[in-house]
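Fold and geometry: a report
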Amino acid sequence: MTASKLQTAGAAEITPIQILNNVFGYASFRGEQQAIVEHVVVGGDALVLMPTGGGKSLCYQIPAMLRPGTGIVVSPLIALMQDQVDALIQLGVKAAFLNSSIGADAAREVQGRLLRGELDLLYVAPERLLTDSFLSLLERLNVSPSPQPSPARGGVNYGIALFAIDEAHCVSQWGHDFRKEYRELTILHERFPGVPRIALTATADTPTRGEIVERLALEQARQFVSSFDRANIRYRVTQKINTRNQLQEFLEVEHKDDSGIVYCLSRKKVEETAAWLKERGWDALPYHAGLDAATRSANQSRFLREEGVVMVATVAFGMGIDKPNVRFVAHLDLPKSMEGYYQETGRAGRDGLPANAWLAYGLGDVVQMRQMIDGGDAPEERKRLERQKLDALLGYCESTACRHQTVLRYFGEEHPGNCGACDNCLEPVDTWNATEAARMALSCAYRTGQRFGAGHLSDVLIGKATGRVEKFNHHALSTFGIGKELSATQWSSVYRQLVAGGLLEADIEAYGGLKLTPAARPVLRGEQEVWLRRDADPAKRKAQRAERLSKSHEPFAGAGEDRLWLALKAKRMELAREQGVPPYVIFHDSALLEILNRRPGNLAELGEISGVGQAKLAKYGEAFLKVVGAGESRR
Ligand code: ADP
Ligand code: ZN
């Protein structure tokens, strides 16, 4: 931020809220932001736990602009530094980055700017930060102990304003984002004890938090823990029938022109699903660790820079993806844990507009995940932990309670339920007393020798004399045909829930045949009742689908085919292309929507819109007013 821009009121003190209004164009702080900013501005250390999309960046960006010197931001997300810095430059903030993607000359230039006190924010990859040469550069920068007034306050911008450690959970060995360099970041505290540090993460669980405090020596830091609720995300778990068609229908009805992510477990499934979607006209791209770096980066860049791209990916994709208008995250396979699920779905709707988290799930997934854990070569202790985590996720999938409430309870937070934004609240699910059915299902598995899968067992229960049934003489069993009052779909739902609930397990040696566990005993003995969820039956679902389709479903964030909306988006894309930045760096969808709804007639009115700061107003104000004006005259 140039000094002149903020010097609107002479030499008067610049406050955090003024920066928020003038630079970022936002009217007020969200949640804990103000408290965090005020704590860090005066030199306090902080540990910030906030969900994805909560607004963590402002918590270090504003103090970096208000404190003398440059804010040094450590981030593992090299591929995204460019976009983060571009977004700041759009706001008129003096920012740069240093990582392996830039050449020696460019790096020298950035270092020169740093030493001359010309930067408010510098993003650095951890491995670069830890080099001797960079650390001694920081020491040269830090020589002057006397506090300098910041440029925002009209002085020279010399020294180190703060260290921000983004994605701080990367210190955790148990998380899948572990980076060994993060363990060495304590050096910042040892060599620059006077510089405040702010560590930030969206990973909520207590063990990880403890590890961050310990590994980064943040015992003295104040902890700011926000609510982890993502009220704008609609959670839905749907039972697999024909997964691809279900996905296709979900996209067609709710996300025709939207960007989103489809997660699959294996590389092969990623490739196949992406190709399948592409054939059906979706702008789908694959992403997984087996693709070469150039393809990965090209696909990621298209996802960020263009609209309406569907990324089909393994979990290798997504960390730190800060594209604000990801409108949906779909899972075609089960995530490994609630933590994984919440992190992956959390990439939807960072802009605060409604977004969907959609998961398709079936018995095969439970069996597959359990076998992956059991068959892996992790130590037994680790496997036990993984089994517990999977069970918590299965409990969530089978739950009939509010999803927001269930997720948050897992992370130790209370939620009143009845959220109005999950499948179970929007279309409440019945439970039924399935004690009798469970006993039939269990004894059928027992009498057939605990070697068969749910499909065959259903056939026996319903009394269907298939070739297989006859081959094994199962039509002669006492359980043959005792379950006629339920359909095959209903039996498959019973088996899924019995496996998910741990009463049955798939035997890897017997090709996934279902075996009884000790937990089945009290049910068979009649000592324990079993209540199961009543899955929506496919015929009813079909009727609901027809009704949804006929309701001319508005894509819930955008404004559909409205001419002005399309013209605004086209203008945004044109400006983005000219500068080689993603469209959301110009304006977020939320700002564009507000322009559409309020139709500002002059710069002052445009400037009132959330997300339109001074720099963007000066740069793009006229261009967008012209689009609005042309739209008005056509009406
Ligand atoms: P996080 O890093 O926590 O995922 P970001 O810092 O990227 O979140 O912020 C998420 C989105 O919310 C961004 O688009 C950001 O511009 C916006 N945002 C942050 N703070 C505010 C605020 N006080 N008012 C309005 N929008 C905000
Ligand atoms: Zn709910």
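Heads up: the structure comes first, above all this text.
The rules behind these values
Residues numbered from 1 in each chain as written. Chains lettered and ligands numbered in written order. Predicted model: local features only at pLDDT ≥ 70, side-chain atom pairs only at ≥ 80, totals over all residues. Heavy atoms only, no water. Phe/Tyr/Trp six-rings, centres within 6.5 Å; stacked < 30°, edge-to-face > 60°. Helix = DSSP H or I, 4+ residues; strand = E, 2+ residues; numbered from the N terminus. Axes fitted to C-alpha atoms, helices over the stretch in contact; angles between N-to-C directions. Parallel < 35°, antiparallel > 145°, perpendicular 65-115°, else oblique. Left-handed = near helix turned anticlockwise from the far one by under 90°. Contact = heavy atoms within 4.5 Å. Nonpolar A, V, L, I, M, F, W, Y, C, P; charged D, E, K, R; others polar. Donors = N, O, S within 2.8 Å, 3.2 Å for Na, K, Ca; no water. Tetrahedral: all angles 85-135°; square planar, octahedral: opposite > 155°, others 65-115°. Near = heavy atom within 4 Å. Polar contact = N/O pair within 3.5 Å; in protein donor to acceptor, adjacent residues only side chain to side chain. Core = buried A, V, L, I, M, F, W, Y, C linked by side-chain atoms within 4.5 Å. Buried < 20%, exposed > 50% of the residue type's maximum accessible area, 1.4 Å probe, protein only. Salt bridge = Lys/Arg side-chain N within 4 Å of Asp/Glu carboxyl O. Right-handed = clockwise from strand over helix to strand, strands pointing away.

A word on the packing of aromatic side chains
Overall, the coordinates contain 13 aromatic pairs when judged by the stated rule. Each ring, one from F163 and one from F192, has its centre 5.6 Å from the other, and the planes form 55°; the classification is tilted. Of this pair, F163 sits in strand β5 (residues 160-165) while F192 sits in the loop between α9 (186-191) and β6 (197-201), placing them 29 residues apart in sequence. Centre to centre, the rings of Y341 and Y396 are 5.0 Å apart; their planes meet at 50°, and the pair counts as tilted. In this pair, Y341 is assigned in helix α14 (residues 338-345) and Y396 in helix α16 (residues 380-398), connecting sequence segments 55 residues apart.

Here we look at the packing of helix α5 (residues 78-90) against helix α13 (residues 293-305)
Running from N to C, α5 and α13 point in directions that differ by 30°, and their axes come no closer than 11 Å. Here α13 runs roughly parallel to α5, going by the angle between their axes. With respect to the hand of their crossing, α5 and α13 are arranged in right-handed fashion. Contacts between α5 and α13 pair A79, L80 and D83 from the former with Q300, L304 and R305 from the latter. Here the contact of α5 with α13 is built from residues that sort into 3 nonpolar, 1 polar and 2 charged.

Describing the coordination of the zinc ion (ligand 2)
Note on the zinc ion (ligand 2): its protein donors are C402 (SG), C419 (SG), C422 (SG) and C425 (SG). The metal-donor distances range over 2.3 to 2.4 Å. Here the zinc ion (ligand 2) binds 4 donor atoms, and the angle range of 99 to 123° at the metal identifies the geometry as tetrahedral. The sequence pattern describing where the donors of the zinc ion (ligand 2) fall on their chain is C-x16-C-x2-C-x2-C.

A look at the site of ligand 1
By nearness alone, 15 residues border ligand 1, and Y26, G53, S57, R350 and H588 come closest of all. The side chain of Y26 places a nitrogen or oxygen atom 2.5 Å from an oxygen atom of ligand 1. Q33 is positioned with one of its side-chain polar atoms (N or O) 2.9 Å from a nitrogen atom of ligand 1. Looking at side-chain class alone, the shell around ligand 1 contains 4 nonpolar, 8 polar and 3 charged residues.

Observations regarding the nonpolar core
In this structure, L122, L138 and Y495 are the most contacted members of the largest nonpolar core, which totals 136 residues. Apart from the residues within four sequence positions on either side, Y495 is in contact with L363, A441, C444, A445, A454, L457, S458, L461, L504 and L514. The next biggest cluster of nonpolar side chains, apart from the first, holds 37 residues, and it includes V48, M50, V93 and L200.

Observations regarding the pattern of salt bridges
Scanning the entire structure with this criterion turns up 34 salt bridges. D423 is the partner of R403 in a salt bridge, and the nearest nitrogen-oxygen pair spans 2.8 Å. With R403 in helix α17 (residues 403-410) and D423 in helix α18 (residues 423-426), this pair connects stretches of sequence that are 20 residues apart. Residue class for R403 comes out buried when judged on its relative accessible area of 0%. The partner of R533 in a salt bridge is D535, and the shortest N-O contact between them spans 3.2 Å. Here the two residues R533 and D535 agree in accessibility, since each one is buried. Taken together, the shared-partner salt bridges in this structure form one network comprising E398, R496, R533 and D535.

Examining unusual backbone geometry
For Q450, which is not a glycine, the phi torsion comes out positive at approximately 55°. Counting through the fold element by element, Q450 comes out in the loop between α19 (435-447) and α20 (454-462). Its identity as a non-glycine residue notwithstanding, N473 has a phi of 65°, on the positive side. Topologically, N473 is positioned in the loop between α21 (467-471) and α22 (488-500).

Side note on the pairing of strand β10 (residues 284-287)
Side chains A284 and P286 of β10 all project onto a buried face; the interleaved residues L285 and Y287 project onto the opposite face, where all are buried too. Handedness of the crossover is the feature at issue here: the chain leaves β10, passes through α13, returns alongside strand β11 (residues 310-313), and the resulting connection is right-handed.

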